[in-house]
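Per-entry structural report
One letter stands for each residue in the lines below.
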Amino acid sequence: MSKNTYNNILNNATFVPNKDWLQIKTIDMHTGGEPLRVILDGFPELKGKSVLEYRRYCKENFDYLRTALMFEPRGHADMYGCILTPPNDDDGDFGIIFLHNEGYSTMCGHAIIAISTLAIEMNWITVKEGDNILKIDAPCGRITSYAHVKNGKVTGVRFHCVPSFVVDLDKTININGLGNVTYDLAYGGAFYAYVDMAKNNFNFDLTPNSYRQLISTGMDIKHAVMKSNQDITHPFEEDLSFLYGTIFIDNTKQPSGNDSRNVCIFAEGEVDRCPTGSGVSGRMAIHKARKEIDFGNTMTIESITNSVFKGSIVEEVDYGSYKAVIPQVEGTAHIIGMQTFVIDPNDPMKNGFILR
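What counts and how
- Residues numbered from 1 in each chain as written.
- Predicted model: local features only at pLDDT ≥ 70, side-chain atom pairs only at ≥ 80, totals over all residues.
- Heavy atoms only, no water.
- UniProt positions renumbered as here; feature names shortened; annotations may be inferred.
- Domains from an automatic or database assignment.
- Contact = heavy atoms within 4.5 Å.
- Buried area = accessible area lost by both parts, 1.4 Å probe.
- Salt bridge = Lys/Arg side-chain N within 4 Å of Asp/Glu carboxyl O.
- Helix = DSSP H or I, 4+ residues; strand = E, 2+ residues; numbered from the N terminus.
- Nonpolar A, V, L, I, M, F, W, Y, C, P; charged D, E, K, R; others polar.
- Expected span 1.5 Å × (residues − 1).
- Buried < 20%, exposed > 50% of the residue type's maximum accessible area, 1.4 Å probe, protein only.
- Polar contact = N/O pair within 3.5 Å; in protein donor to acceptor, adjacent residues only side chain to side chain.
- 1 Å grid on protein atoms, 1.4 Å probe; cavity = no way out; pocket = protein on both sides within 12 Å on 5 of 7 lines; lining within 4 Å.
- Points joined across faces, edges and corners; volume = space filled by probe spheres on them.

For the chain, an unreviewed UniProt entry supplies the name Proline racemase and the organism Tenacibaculum holothuriorum. Turning to the chain, the UniProt annotation filed under Sequence similarities (unreviewed entry) states: "Belongs to the proline racemase family."

And the structure:
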């Protein structure tokens, strides 16, 4: 490389896309290692009057942009993202739509923690010392988050999830290659099959060494439960009535001192890097039903990356035919980058692809 070429590089470090290229700006974050790509500008306008309607419109009209931003080469098989929308009513701050490799989830606790952190960092609200309250409309309902600020910086976020409830405890299903599998079915903004390692004879653990086996077994369990006669029905919204994933639990005291470990396999084989906020919410309902937690108690639950969420319960409520709890989940998030993605209409891979 000649000196003149190098000088040209220094003087021409900004790329200007063609006018017919779509430009989408994002801020990328992580909560306990789990990514969140926050789509802030350039995404086409979504039409509707509620978050569920915005989500439906996005799915029907712009799903190719979900794959473009979540799949390779801009993302990867375990990428996660969100789009912000108007709230459902004037009392809310904003709405949020969650994106991943399979489609659109109903709730995402790690995204709530991250977007609440970003709201403070970006001064989207008037920031004060102590708790800053945000009312966020997710597809599953309104989430109230509390971003705690000390000396002008976010030190953590806790949120109150939607009513979370147990559908069944200690259900058994026979799966080819696995035999009888015992699981609990619960809802924490999304439905999960919770599989206690102590109640099942698996030949793997909940560490990164078992990554591939966790995906394979988790998806086998998810598909088997979906095909069974198990009732996975939300009391009020048909759009929320589906099984989102499998959560493996080691419900013993961990070497780290934490109370338990979660590994969640969700969507199309994604492995949650964090303890899973909606999953912890469902667990609070399970532990309350088993009389293993009560008001004033807190559980620390770690993930496959050793990141930690704190879970507790703040209220008991009636929710349809269920006795539900309002869980509280607490964690931290961090900003890792700002992106401007461009989509060249002539790029044969503009809509993305996945290799796993």
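The subject of this paragraph is the domain arrangement of the chain. Many structure descriptions define interface size as the accessible area lost when the parts assemble. Its domain assignment divides the chain into domain 1 (21–161 + 335–343) and domain 2 (164–328). Between the C-alpha centres of domain 1 and domain 2 the distance comes to 23 Å. Each side of the interface is counted separately: domain 1 has 27 residues, and domain 2 has 31 residues. A buried area of about 2100 Å², summed over both sides, lies between domain 1 and domain 2, and 52% of it is on carbon and sulfur atoms. Interface area lost by domain 1 to domain 2 is led by Asp78, Thr106 and Cys161, which between them contribute 25%. Where domain 1 touches domain 2, the interface holds three salt bridges. With its nearest N and O atoms 3.6 Å apart, the salt bridge here joins lysine 222 to glutamate 102. Mapped by element, the contributors of at least two residues to the side of domain 1 that touches domain 2 are α2 (51–61), α4 (109–121) and β7 (153–160). Of the residues belonging to the side of domain 1 that touches domain 2, the class tally is eleven nonpolar, ten polar and six charged.

With 17 residues, helix α5 (residues 211–227) should cover 24 Å at 1.5 Å per step; its first-to-last C-alpha distance of 24 Å lies within 8% of that length. Within α5, the full set of buried residues consists of Tyr211, Leu214, Ile215, Thr217, Gly218, Met219, Ile221, Lys222, Ala224 and Val225.

Topologically, asparagine 88 is positioned in the loop between β3 (81–85) and β4 (94–99). Asparagine 88 sits in the partly exposed class, given a relative accessible area of 36%. The spacing of asparagine 88 and serine 307 is 219 residues in sequence and 32 Å in space, taken between C-alpha atoms. Those residues in contact with asparagine 88 that lie beyond four places of it in its chain are Lys49, Ser50, Val51 and Asp137. There is a polar contact of 2.9 Å between the side chain of asparagine 88 and the backbone nitrogen of valine 51.

Size it by volume and the largest pocket reaches roughly 370 Å³. Along the walls of the largest pocket sit 16 residues, with Arg55, Lys59, Tyr104, Asp239 and Phe242 positioned nearest its centre. Contributing elements (two or more residues each) for the lining of the largest pocket: α2, α3 (63–70), α5 and β11 (243–250). Ranked by the residues each element gives to the lining of the largest pocket, the list is headed by α2, at four residues. Taken together, the residues of the lining of the largest pocket sort by class into six nonpolar, two polar and eight charged. Composition of the lining of the largest pocket by domain shows at least three residues from each of domain 1 (21–161 + 335–343) and domain 2 (164–328). In this structure, the second largest pocket occupies an estimated 210 Å³ of space. In terms of lining residues, the second largest pocket is bounded by 13 residues, among which Phe43, Pro44, Leu46, Ile83 and Leu84 are the most central. Of all the secondary structure elements, the ones that give two or more residues to the lining of the second largest pocket are β2 (34–41) and β3. Looking at the lining of the second largest pocket residue by residue, the class counts come to nine nonpolar, two polar and two charged.

So, about α4. When the terminal C-alpha atoms of α4 are compared, their 19 Å separation across 13 residues agrees well with the 18 Å that a helix rising 1.5 Å per residue should span. Along α4, the residues classified as buried are Gly109, His110, Ala111, Ile112, Ile113, Ala114, Ile115, Ser116, Thr117, Leu118, Ala119 and Ile120. Immediately downstream of α4, the backbone of asparagine 123 shows phi near 55°, a positive value.

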